Amino acid sequence: MNLEQYNLITDPVSTEKVVYEIDIITDRAAQYWCEGHTANFSFIQSNIITVNPQGDEVHVFSLTITVYFCLDDFEGNGEIIVSELCSNLTDIFKAKKVILMAYLNYSSNYFTLLLHLHIAVDNIYEDKARNIEKIYNATLHIAETELPKYNYILLSLASSMYCLPTTSIDKSIKLNWDLTPIGHIVAPKQFCLQENGLPVKRLCNGTYMTGSFWGNVEGNCNLNYQPSDTTTFLYRFVTGQVPENYTSRFLTDGLGFVLRDVDIIIPADIYYLSMSLQHILSIAQGNLTSIDMGNIENIAWVMDRVMVLNNNYLRLAQTLNSTNVILDSLNNIIEILAHKDEKIGNYYHCMDDDFDYQLAIQPQFILQISYPSINNVSGIAVIKSVTDNDFFMGVEIRPLYKNTSLEEVMSIENLEIATWIPDAVLSSVKKIENECDSEKSVDESNMHVIISVFHNDAIFQELETNLYHVNSRIIGISLPGFLTNLIRPIPLIYRDLNPTSSEKFCGFWNFQPHSVGNVPGYWSNRGCNLKKSEKGLTVCECDHLTHFGQLFNIGRNKNRTDSAADKHTKPLNIISLVGSFLSLLGIMGIWITASVFHIWRKKASTKVLLHLSTSIALPLIFMTVFNLDNTLFVKVNDIFIVSKELRTVCISLGALLHYSVLASFMWMLITAVLQFIRYVKVLGVYRPSRFMIKFTLVGWGTPIIPVMIVLALDRENYVPNASLGESNSLICYPSGFYLIISVVVPICMILAVNITLFVLVIYAISKGPDGKIRRADIDLIGAQLRLSIFLFFLLGLTWIFGVLSFTSNPLWSYLFCLTSTMQGFVLFVYFIICDAQTRNLWITLMKPQFQPESSRKSISSISNN
């Protein structure tokens, strides 16, 4: 692969950007992406794309085999052995190419290898799926029969690009699943709807590297469902069971029939509508004259009708990527119409004889097509009507020219939304061509700008937990035939739909699957920058073309006034890490003391101390791991997510952290009860038999209950939702309702009990034998103060600062980090350094000459006690 830098803009008011064109220098299929670092050394990565220059002529299969080798022979000759292996497999499978992708496993006498087989496809059928299936079956037969002859053990063989056609059974109904690209969700060929009105579905799992595999079928067929005429028509159209004239006039008469009554539309109709539009597009791209494409008024009406469909049904249909497909298909149809009517329009809204300009307005949707080379129009301004109509029918549309200035647009009264492509951008865009020619000038005579304005975000269904909320009209911009990635940014101006104090973002709709769940479509702010916000208008700049909107952050509910708190993040992290390190050192000192001195370890109080210190150490260890190692998380489009391969690890670590936090509080509660017995219930206290075993069962057993409940009801709750948080907020832990019930409530209950016992103990030690408050004495006050501070740490009362840290005052956060992380170190100081008996044990060990005196002191001390 060659990278050619073709332009660089360094503008003081714009973001510096370098655009590269990828020139593929090999004819084999592969994945490509770019990596680099910004000026401040932040790592960035482009989206990964799969390129197969030979198209359907060659298919890539992922082959996993075990090969037996002597490790001694492999050392020093590994490259030669691997080369011979690939050459041998090339001959066995008669492959175009065999590439070693990864060593999956190895021992002293075998290796498990992942390889890619590039196999030529005999396109003897018109159906692409049948051709791939045929070559897969032939390759699998060779693998099963020929590989054992060479002592190669076949583990798996799968397509690197598709899940192959297969069948499944649902309530005696045989369901056929078509060829499906990896990462896509599909419905079966058969009519099989669930109770919610959506077809049963199935995800094609896997990656290009490891190969594909079908996921489980989601949902069950409702055999009692009676489809409406609309559902029946769409299903028959998708499956090719309608007359030819129905197909030719689907975009006009067919969609008119389907969308005439939106109240009867169900989720399955939305899915079949998306498939119907894709089917029509595939026919039009092959033979445009066979399809009546209608005009932009008709397509604008279709989009308007889709946007008033039931929002819950649209959301359900989006689980099959339906709203994305509808949006993309209608955009492609509009582009076909614009190209078709480039010189002579089907439907023109003409302001004068020389003004070639198309405009369609519907209540929920506006569509404008302009030709900058003819009329200089490259943008649009939507001006709100003085009648305060909530829809677009009463708005004023003002075309914007390519030489328009930002000040001119900002001065428009009652501006709702606006954008335009400046002349500098139009002159720098590059045409989409198979072969790059960086010297070729841009031919503006064939350029047309398509702008669509959406009244709401109904068609933009984000299925992940919403990080952003759209707070403006949505606008889409496209330049058919030209690259969407721009050297210079385009301006976008939005009016806030609702006043908000939350942090604003400029975003775009990303059609790609989001995070680990292959959820299609999400709002992202990559490549978009907020320039200013004043008088209810927000000015954005974006360096690519798609659908844009103004967003505000609801994922973290981050307020503008909270931005000052960001400067405290680093010092709080440092304090926490240093405190945790000291605490772990202290706990290590306690355990070393216990392991060295048997007599000290046998004491009942020491056993409780060892359990308490261990329970305190566990969450500190887990938190330190999360702070220092973020390999569980990957950054995708400025959003941190848990990688798919490590979700189970994240859930396991989250459950262990959850358990360790609850266990530490349980042992603090047990310690509080023991201190209460020691200082308040001094006489007449009966110690139950095997009390240590019972305390151990309670201290380590009780925390398992809430953890098991969360794992049983919603184990995915331990996986954090996608966010733009910094690394210190990346942690696998319960969230939402389960955080409150399984963490906050138990901790608050234990804290309440511990506070009560703390007050009772302090009151008890302040009284004399006669029950009256003792008179002030310097030594007594000092002893009581030391005990109070010790009990404050011992009983975990430092978490009171943690509760107060939710206020806006950062002081409580600093106090919490300073005190809560030092708990283990305080225990070490009090029980090891300040305790005379324990200290004497170490002195005796270090200086044996003091042993007799120390022994006498110890005996005397024990006698006195």
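The structure reproduced in this document is the subject of the present report. Not measured: the values here are computed from a predicted model.

## Section: the pattern of salt bridges
Item 1. Taken as a whole and judged by the stated rule, the model has 11 salt bridges.
Item 2. Taking the shortest distance from any N to any O, the salt bridge between Lys 189 and Asp 178 comes out at 3.4 Å. Placement of the pair is Lys 189 in the loop between β15 (185–186) and β16 (202–207) and Asp 178 in the loop between β13 (173–177) and β14 (180–181), with a sequence separation of 11 residues.
Item 3. Residue Asp 178 is classed as partly exposed on the basis of its relative accessible area, which comes to 33%.
Item 4. For Lys 504, the salt bridge is made with Asp 496, and the minimal N-O distance between the two is 2.6 Å. Judged on exposure class, the residue Lys 504 and its partner Asp 496 are both buried.
Item 5. The network of salt bridges with common partners includes Arg 249, Asp 253 and Asp 292.

## Considerations on the state of the cysteines
Item 1. Here the structure, examined in full by the defined rule, presents 5 disulfides.
Item 2. Disulfide pairing places Cys 192 opposite Cys 221 at an S-S distance of 1.7 Å. Negative torsions about the S-S bond denote left-handed disulfides, and the value of about -100 degrees found for Cys 192 with Cys 221 makes this one left-handed. Taken together, the residues Cys 192 in the loop between β15 and β16 and Cys 221 in the loop between β17 (211–214) and α4 (229–238) connect sequence positions 29 residues apart. The burial state of Cys 192 is the same as that of Cys 221; both residues are buried.
Item 3. Counting its disulfide-bonded cysteines in sequence order, the chain shows a connectivity of 1-3, 2-4, 5-7, 6-8, 9-10.

## Structural notes on helix α2 (residues 78–93)
Every α-helix carries 3.6 residues per turn, so stepping three or four residues along brings you back to the same face.
Item 1. If you check α2, its first and last C-alpha atoms are 22 Å apart, about what 16 residues at 1.5 Å a residue would give, namely 22 Å.
Item 2. The complete set of buried residues in α2 reads Gly 78, Ile 81, Val 82, Leu 85, Cys 86, Leu 89, Ile 92 and Phe 93. Mapping the buried residues of α2 onto a view down its axis gives an arc of 135 degrees, with all of them on the same face. Set apart from the buried face of α2 by more than 90 degrees, the exposed residues are Glu 79, Ile 80, Glu 84 and Asp 91.
Item 3. One or two residues past the end of α2 sits Lys 94, with phi positive at roughly 55 degrees.

## Considering the packing of aromatic side chains
Two descriptors summarise a pair of aromatic rings, namely the distance from one centre to the other and the angle between the planes of the rings.
Item 1. Across all of its chains, the model carries 24 aromatic pairs by this definition.
Item 2. Ring centres of Phe 61 and Tyr 136 lie 6.0 Å apart, and the angle between their planes is 35 degrees; this geometry places the pair in the tilted category. Taken together, the residues span a long stretch of sequence, with Phe 61 in strand β7 (residues 58–68) and Tyr 136 in helix α3 (residues 128–146) at a distance of 75 residues.
Item 3. Every member of this aromatic cluster is reached through a ring pair, and the members are Phe 233, Phe 237, Tyr 246, Phe 250 and Phe 257.
Item 4. Its guanidinium or amino end placed over the ring of Tyr 125, Arg 130 lies 3.9 Å from that ring's centre, counting from NZ or CZ.

## Points about the sheet that holds strand β26 (residues 485–495)
Item 1. Reading across from one edge, β21-β20-β22-β26-β30-β29 is the order of the 6 strands in this open sheet, with antiparallel pairing throughout. With one partner strand each, in any of the chains shown, β21 (396–401) and β29 (528–534) form the two edges of the open sheet. Shown here is a sheet whose adjacent strand axes are inclined to one another by a mean of 15 degrees, direction ignored.
Item 2. Two elements, strand β20 (residues 377–383) and strand β22 (residues 415–420), share 5 bridges in a ladder whose sense is antiparallel. Bridge assignment links Ala 381 to a residue of β22, and that residue is Ala 418.

## Regarding the environment of Arg 236
Item 1. Note on placement: Arg 236 falls in helix α4.
Item 2. A relative accessible area of 37% means that Arg 236 is categorised as partly exposed.
Item 3. When sequence neighbours within four positions are dropped, the list of residues in contact with Arg 236 reads Gln 241 and Val 242.

## Concerning the nonpolar core
It is characteristic of soluble globular proteins that their nonpolar side chains tend to be buried jointly.
Item 1. One finds Phe 250, Leu 251, Leu 277, Ile 333 and Phe 454 to be the most contacted residues of the largest nonpolar core, which totals 72 residues.
Item 2. Broken down by element, this core gets its largest block of residues, 9 residues, from helix α7 (residues 267–286).
Item 3. Not counting the four nearest positions on each side in its chain, Phe 250 is found in contact with Phe 233, Leu 234, Phe 237, Leu 255, Leu 273, Ser 276, Leu 277 and Ile 280.
Item 4. The next biggest cluster of nonpolar side chains, apart from the first, holds 55 residues, and it includes Ala 617, Leu 657, Phe 665 and Phe 676.

## What to know about the side chain of Thr 323
Item 1. Looking at where Thr 323 falls in the secondary structure, it is placed in helix α10 (residues 322–340).
Item 2. Discounting residues that sit within four places of it in the chain, Thr 323 has contacts with Leu 314, Gln 318, Ile 459 and Gln 461.

## With respect to the side chain of Ser 613
Item 1. Along the chain, Ser 613 falls in helix α16 (residues 604–628).
Item 2. Overall, the relative accessible area of 0% leaves Ser 613 in the buried class.
Item 3. In terms of polar contacts, Ser 613 uses its side chain to reach the backbone carbonyl oxygen of Leu 610, at 3.0 Å.

## Some details on the packing of helix α24 (residues 823–833) against helix α25 (residues 836–846)
Item 1. Look at α24 against α25: their axes get within 6 Å of each other, and the N-to-C directions meet at 75 degrees. Considering the angle they form, α24 stands roughly perpendicular to α25. Contacts from Phe 831, Ile 832 and Ile 833 in α24 reach Thr 838, Arg 839 and Trp 842 in α25.

## Remarks on the pairing of strand β19 (residues 365–370)
Item 1. The buried count for β19 comes to 6 of 6 residues, which makes it a mostly enclosed element.
Item 2. Here β19 shows two buried faces, one formed by Phe 365, Leu 367 and Ile 369 and the other by Ile 366, Gln 368 and Ser 370.
Item 3. Pairing of strand β18 (residues 357–362) with β19 involves 6 bridges; the strand directions are antiparallel. By the bridge assignment for β19, Tyr 357 is matched with Ser 370.
Item 4. Where β18 folds back onto β19 in an antiparallel hairpin, the turn is made up of 2 residues.
Item 5. Across 6 bridges, the pairing between β19 and strand β23 (residues 449–454) is antiparallel. By the bridge assignment, Phe 365 is partnered in β23 with Phe 454.

## A look at the pairing of strand β25 (residues 474–478)
Item 1. Across the 5 residues of β25, 5 count as buried, placing the element largely inside the fold.
Item 2. Residues of β25 alternate between two faces, with Ile 474, Gly 476 and Ser 478 on one and Ile 475 and Ile 477 on the opposite face, all of them buried.
Item 3. Pairing between β23 and β25: 5 bridges, direction antiparallel. Its bridge partner being in β25, Ile 450 is matched across the sheet by Ser 478.

## Some remarks on the sheet that holds β17
Item 1. Taking strand neighbours across the sheet as the criterion, the 3 strands line up as β15-β16-β17 in an open arrangement whose pairing is antiparallel. Both edges of this open sheet fall to β15 and β17, since each of them pairs with a single strand only.
Item 2. Both β16 and β17 contribute to a ladder of 4 bridges, which runs antiparallel. Residue pairing for β17: Thr 207 is matched across the bridge by Gly 211.

## Describing a nonpolar patch on the surface
Item 1. Taken together, the side chains of Phe 581, Leu 585, Met 588, Ile 592, Val 596, Leu 845 and Met 846 present a nonpolar region at the surface, about 690 Å² in accessible area.
Item 2. When contributions to the nonpolar patch are tallied by element, the ones reaching two or more residues are α14 (569–596) and α25.
Item 3. In terms of residue count, the dominant contributor to the nonpolar patch is α14 (5 residues).

## Quick word on unusual backbone geometry
Item 1. At Asn 151, a residue that is not glycine, the phi angle is positive and equals roughly 65 degrees.
Item 2. Within the secondary structure, Asn 151 sits in the loop between α3 and β10 (152–159).
Item 3. Judged by relative accessible area, Asn 151 falls into the partly exposed class, the value being 43%.
Item 4. Phi at Asn 321 is positive, roughly 65 degrees, even though this residue is not glycine.
Item 5. Note on placement: Asn 321 falls in the loop between α9 (311–318) and α10.
Item 6. For Asn 321, a relative accessible area of 24% corresponds to the partly exposed category.

The rules behind each value
- Residues numbered from 1 in each chain as written.
- Predicted model: local features only at pLDDT ≥ 70, side-chain atom pairs only at ≥ 80, totals over all residues.
- Heavy atoms only, no water.
- Salt bridge = Lys/Arg side-chain N within 4 Å of Asp/Glu carboxyl O.
- Helix = DSSP H or I, 4+ residues; strand = E, 2+ residues; numbered from the N terminus.
- Buried < 20%, exposed > 50% of the residue type's maximum accessible area, 1.4 Å probe, protein only.
- Disulfide = S-S within 2.5 Å.
- Expected span 1.5 Å × (residues − 1).
- Arc of directions from axis to C-beta.
- Phe/Tyr/Trp six-rings, centres within 6.5 Å; stacked < 30°, edge-to-face > 60°.
- Lys NZ or Arg CZ within 6 Å of the ring centre and 35° of its normal.
- Pairing = 2+ DSSP bridges.
- Axes fitted to C-alpha atoms, helices over the stretch in contact; angles between N-to-C directions.
- Contact = heavy atoms within 4.5 Å.
- Core = buried A, V, L, I, M, F, W, Y, C linked by side-chain atoms within 4.5 Å.
- Polar contact = N/O pair within 3.5 Å; in protein donor to acceptor, adjacent residues only side chain to side chain.
- Parallel < 35°, antiparallel > 145°, perpendicular 65-115°, else oblique.
- Patch = residues over 30% accessible without salt bridge, like charges linked within 9 Å, V, L, I, M, F, W, Y side chains within 5 Å.
- Areas by Shrake-Rupley, 256 points an atom, 1.4 Å probe, with all protein chains shown as cover.

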